[in-house]
Amino acid sequence: MNFIERKNIDCIKWDKLVSNNPDSSFFSYSWYLDATAENWAILIEGDYTAGIAIPYTKRAGIEIAYTPIFVRYLECFGVFSDLNLLEKCILERFKVVQINFKEPILNYKSESFVFQTISSSEEPKISTQAKRSLKKAVSSGLNALPISNENSVMEVVKNELNGKFRGIDDKSLFTLTKLIENAKFNGVLKVIGVSNETDFLGGIFCLESERQILYLKGAVSDECKKNGGMYLALKSMIEQSQIGGKLFDFGGSRVQGVRSFNKNLGGQDCVYYSYSIDNGPSWFKFVKRIRNKWLKG
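Computed from a prediction, not measured in an experiment: that's the story for all the values here.

J.: Quick one: what's the story with the overall build of the protein chain, residue by residue and with numbers?
T.: Broken down by element type, the protein chain carries 10 helices and 13 strands. For 297 residues, the compact-globule formula gives about 19 Å, and the C-alpha radius of gyration of the protein chain, at 20 Å, lands near that figure. Referenced to the eigenvectors of the C-alpha coordinate spread, the extents of the protein chain come out at roughly 60 × 45 × 35 Å. In the protein chain, buried positions account for 50% of the 297 residues. Residue pairs in contact within the protein chain that sit at least 24 positions apart in sequence constitute 74% of those at least 6 positions apart.

J.: An account of the packing of helix α4 (residues 128-139) against helix α8 (residues 229-243) is needed here, citing residue identities and associated values.
T.: Running from N to C, α4 and α8 cross one another at 100°; their axes reach a closest spacing of 8 Å. Considering their axes alone, α4 and α8 lie roughly perpendicular with respect to each other. Counting all contacts with α4, which are made through Q129, A130, S133, L134 and A137, the residues of α8 involved are Y231, L232 and K235. Here the contact of α4 with α8 is built from residues that sort into 5 nonpolar, 2 polar and 1 charged.

J.: I'd like a rundown of the packing of aromatic side chains, residues and numbers included.
T.: Two aromatic rings, taken as a pair, are described by how far apart their centres are and by the angle between their planes. Taken as a whole and judged by the stated rule, the model has 16 aromatic pairs. Relative to F94, the ring of F3 lies with its centre 5.8 Å away and its plane at 85°, an arrangement referred to as edge-to-face. Within this pair, whereas F3 is found in strand β1 (residues 2-5), its partner F94 is found in the loop between α3 (83-93) and β6 (96-101), the two being separated by 91 residues in sequence. Centroid distance Y73 to F115: 5.7 Å. Interplanar angle 65°. Geometry classified as edge-to-face. A residue pair is termed long-range when its members are at least 10 positions apart, and Y73 in the loop between β4 (62-66) and β5 (76-77) and F115 in strand β7 (residues 111-118) qualify at 42 residues. For R93, the ring lying beneath its charged end belongs to F3, and the centroid distance is 5.0 Å.

J.: Give me the environment of T177: which residues, what numbers.
T.: Along the chain, T177 falls in helix α6 (residues 170-185). Residue T177 is classed as partly exposed on the basis of its relative accessible area of 23%. Along the sequence, T177 and N151 sit 26 residues apart, while their C-alpha atoms lie 9.0 Å from each other. Apart from the residues within four sequence positions on either side, T177 is in contact with M154 and K158.

J.: Residue-level account of the pattern of salt bridges, with values.
T.: Summed over the entire model, instances satisfying the criterion amount to 14 salt bridges. Close ionic contact of R93 with E63 constitutes a salt bridge, the shortest N to O distance being 2.9 Å. One end of the pair, R93, is in helix α3; the other, E63, is in strand β4, and 30 residues separate them in sequence. Classification of E63 as buried rests on a relative accessible area of 18%. Between E150 and K184 there is a salt bridge, with the nearest N and O atoms lying 3.2 Å from each other. With E150 in helix α5 (residues 150-161) and K184 in helix α6, the pair connects residues that are 34 residues apart, well separated along the chain. Classification of K184 by relative accessible area gives partly exposed; the value is 46%. Taken together, the shared-partner salt bridges in this structure form one network comprising E5, E63 and R93.

Thresholds applied
- Residues numbered from 1 in each chain as written.
- Predicted model: local features only at pLDDT ≥ 70, side-chain atom pairs only at ≥ 80, totals over all residues.
- Heavy atoms only, no water.
- Helix = DSSP H or I, 4+ residues; strand = E, 2+ residues; numbered from the N terminus.
- Rg over C-alpha atoms; globule rule 2.2 N^0.38 Å.
- Buried < 20%, exposed > 50% of the residue type's maximum accessible area, 1.4 Å probe, protein only.
- Contact = heavy atoms within 4.5 Å.
- Axes fitted to C-alpha atoms, helices over the stretch in contact; angles between N-to-C directions.
- Parallel < 35°, antiparallel > 145°, perpendicular 65-115°, else oblique.
- Nonpolar A, V, L, I, M, F, W, Y, C, P; charged D, E, K, R; others polar.
- Phe/Tyr/Trp six-rings, centres within 6.5 Å; stacked < 30°, edge-to-face > 60°.
- Lys NZ or Arg CZ within 6 Å of the ring centre and 35° of its normal.
- Salt bridge = Lys/Arg side-chain N within 4 Å of Asp/Glu carboxyl O.

Just geometry here; none of it tells us what the structure is for.
As structure tokens, then:
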């Protein structure tokens, strides 16, 4: 079991290992992590028979395993012969760990969070509020249709979200742009545009594989949002996932309002696990405490 740095990874073998897992997400594909992670490596066993991707950053010479923006969690692929050795390898290299995993793979206390999905085998239970919003969208003359111009949606995302929500700034939007470019190159990008008879009002970005559709990010104008535009766009992709017999993944958010929105469209909670482990040197802990106090103050 050993780490392989990004420059030495056989991406064909790695992406095949990811795709061969029937429950895998998009988050661990090489092209996805290339867009989102500052650095990343894989901890691998055998000839790519089992592995896990570990994104990391460096601060003051300390390597920190972390979860990049637009990545919900990291996953184990294949079957590791020894999970205790897996943990030992991770914690020997990374003294500071601030990372999310799909499963509780470390013998440390973790915090549980939820995201929402809609199974391909069940009809989504849409709430009364969502039904009202969808009816309002139709009566307002809104349409949600597939489009090929992702740049038009990105402009609305930048105008509507930049600086208004935590984590959405110039840096993260640059990451999102790169991620969308990589997704398009790999043939998995799906874009839904929302418009009325005269104006383009926004849309959503999704990623589609043989097994699932993942909602990535989207935005519409304020007026369009009030008229149910986001409900209409998401409902359009949910219908596509149902027709194709695919799981629909809402992407996940720790914001209660977003969770409520997703559940209004029939989303069901799924759990993942977040670890925060600090075995770094005392001086690093001191600097981090000062930094956190300064940021809060």
